[in-house]
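Next come the chains, spelled out residue by residue.
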Amino acid sequence: GWRVISLDPSLGALQASKRAFSGSGLDISWVCGDARFLPFKPEVFQAAYSYSVIQHFSESDAGQAIAEAGRVLSEGGLARIQLAHRGGLRSTWVRTRPDYLDHGPFRVRYWSLRDMKEVFTSRVGPTTLTPEAFGGLGLLPDDLGIVTAKAKALILASETLKKLAVVATPLIRLADSVFVSSVKKRN
């Protein structure tokens, strides 16, 4: 029942998305634009969602994109954005490798839980953090039918840890990927 606006700075990516979703029956519009400078009026959206995008931005660009999400959300609107967590076991291994900085300006940036909470609370509103994946980024249960046996085991272990983290909340400190959910505060 949602009307979806898909935003990407790459026209090629938007065309691929349009091909992938044509005939799906979903109400989707495609907009070529930059998350740091959203081409929308203030307070027009009920939700903003991003998965595996903002974690590639520099700290200042990420802050600007998060503020823009807050700007375009209506009061009570929800921003739900996935970020890589620096305290995750695999994340720690990746970011401490000697070649980490060699992956260029679009490499994954790893956030502390405290920084996630502070930035989103100040730029959008009250914020909660929930673990999204343990043992890597993008371990999605929807992919179980198309991945290797090793990846299946990782996904199932991650899903088990996510369920356990509901009652054992400190487990979030070991999550490699976190969903940041913020509700737009009243201006």
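Every value quoted in this text rests on a predicted model; they were computed, and no experiment measured them.

Draft legend 1. Looking closely at the pairing of strand 2 (residues 27–32). Pairing of strand 1 (residues 3–8) with strand 2 involves 6 bridges; the strand directions are parallel. Opposite Ile5, over in strand 2, you have Ser29 as the bridge partner. Between the parallel pair strand 1 and strand 2, the chain is carried across by helix 1 (residues 11–21), and the sense of this crossover is right-handed.

Draft legend 2. Focus on unusual backbone geometry. The residue Glu43 is not glycine, and still its phi comes out positive at about 55°. Mapped onto the fold, Glu43 is located in the loop between strand 2 and strand 3 (45–50). Even without being a glycine, Ser52 presents a positive backbone phi close to 60°.

Draft legend 3. Structural context of a nonpolar patch on the surface. A surface patch of nonpolar side chains, about 380 Å² in accessible area, is lined by Leu161, Leu164, Val166 and Val167. Note that Val167 resides in helix 5 (residues 149–167).

Draft legend 4. Fine view of the side chain of Gln55. Inspection of the secondary structure puts Gln55 in the loop between strand 3 and helix 2 (59–72). Within polar-contact distance, the side chain of Gln55 engages the backbone nitrogen of Ala84 at 3.1 Å.

Draft legend 5. Fine view of the pattern of salt bridges. Enumeration over the complete set of coordinates arrives at 8 salt bridges. In this structure, Arg114 and Asp115 form a salt bridge, with 3.5 Å as the shortest nitrogen-oxygen distance. Overall, the relative accessible area of 30% leaves Asp115 in the partly exposed class. It is possible to trace a salt-bridge network through shared partners that takes in Asp34, Arg36 and Asp61.

Draft legend 6. The nonpolar core, seen in detail. Core analysis: the biggest nonpolar cluster contains 26 residues, and Ile54 and Met116 have the highest contact counts within it. Put simply, the parts of the chain that give this core at least two residues each are helix 2, strand 4 (73–85), helix 4 (113–123) and strand 7 (177–183). Beyond its immediate sequence surroundings of up to four residues, Ile54 is in contact with Ala62, Ala65, Ile66, Ile81 and Leu83.

Draft legend 7. The environment of Val31, seen in detail. Positionally, Val31 belongs in strand 2. Counting along the chain gives 21 residues from Val31 to Ser10, while the straight-line C-alpha distance between them is 9.6 Å. Look past the residues within four positions of Val31 in its chain and what remains in contact with it is Ile5, Ser6, Leu7, Asp8, Leu14, Pro39 and Phe40.

Draft legend 8. Summary view of the side chain of Ser112. Tracing the chain through its elements places Ser112 in the loop between strand 5 (110–111) and helix 4. A relative accessible area of 16% means that Ser112 is categorised as buried. For Ser112, the side chain forms a polar contact with the main-chain nitrogen of Asp115, separated by 3.0 Å. Apart from the residues within four sequence positions on either side, Ser112 is in contact with His85 and Arg86.

Draft legend 9. How the structure looks around the environment of Gln46. Positionally, Gln46 belongs in strand 3. On the basis of relative accessible area, Gln46 is assigned to the exposed category, the value being 56%. Contact partners of Gln46, with chain neighbours within four places excluded, come to Trp2, Leu73, Ser74, Gly77 and Leu78.

Draft legend 10. Region of interest: helix 4. Among all positions of helix 4, only Leu113, Met116, Val119 and Phe120 are buried. Seen end-on, helix 4 carries its buried residues on one side only, within an arc spanning 140°. If you follow the buried residues of helix 4, they end up packed against helix 2, strand 4, strand 5, strand 6 (127–133) and strand 7.

Rules behind the numbers
- Residues numbered from 1 in each chain as written.
- Predicted model: local features only at pLDDT ≥ 70, side-chain atom pairs only at ≥ 80, totals over all residues.
- Heavy atoms only, no water.
- Pairing = 2+ DSSP bridges.
- Helix = DSSP H or I, 4+ residues; strand = E, 2+ residues; numbered from the N terminus.
- Right-handed = clockwise from strand over helix to strand, strands pointing away.
- Patch = residues over 30% accessible without salt bridge, like charges linked within 9 Å, V, L, I, M, F, W, Y side chains within 5 Å.
- Areas by Shrake-Rupley, 256 points an atom, 1.4 Å probe, with all protein chains shown as cover.
- Salt bridge = Lys/Arg side-chain N within 4 Å of Asp/Glu carboxyl O.
- Polar contact = N/O pair within 3.5 Å; in protein donor to acceptor, adjacent residues only side chain to side chain.
- Buried < 20%, exposed > 50% of the residue type's maximum accessible area, 1.4 Å probe, protein only.
- Core = buried A, V, L, I, M, F, W, Y, C linked by side-chain atoms within 4.5 Å.
- Contact = heavy atoms within 4.5 Å.
- Arc of directions from axis to C-beta.

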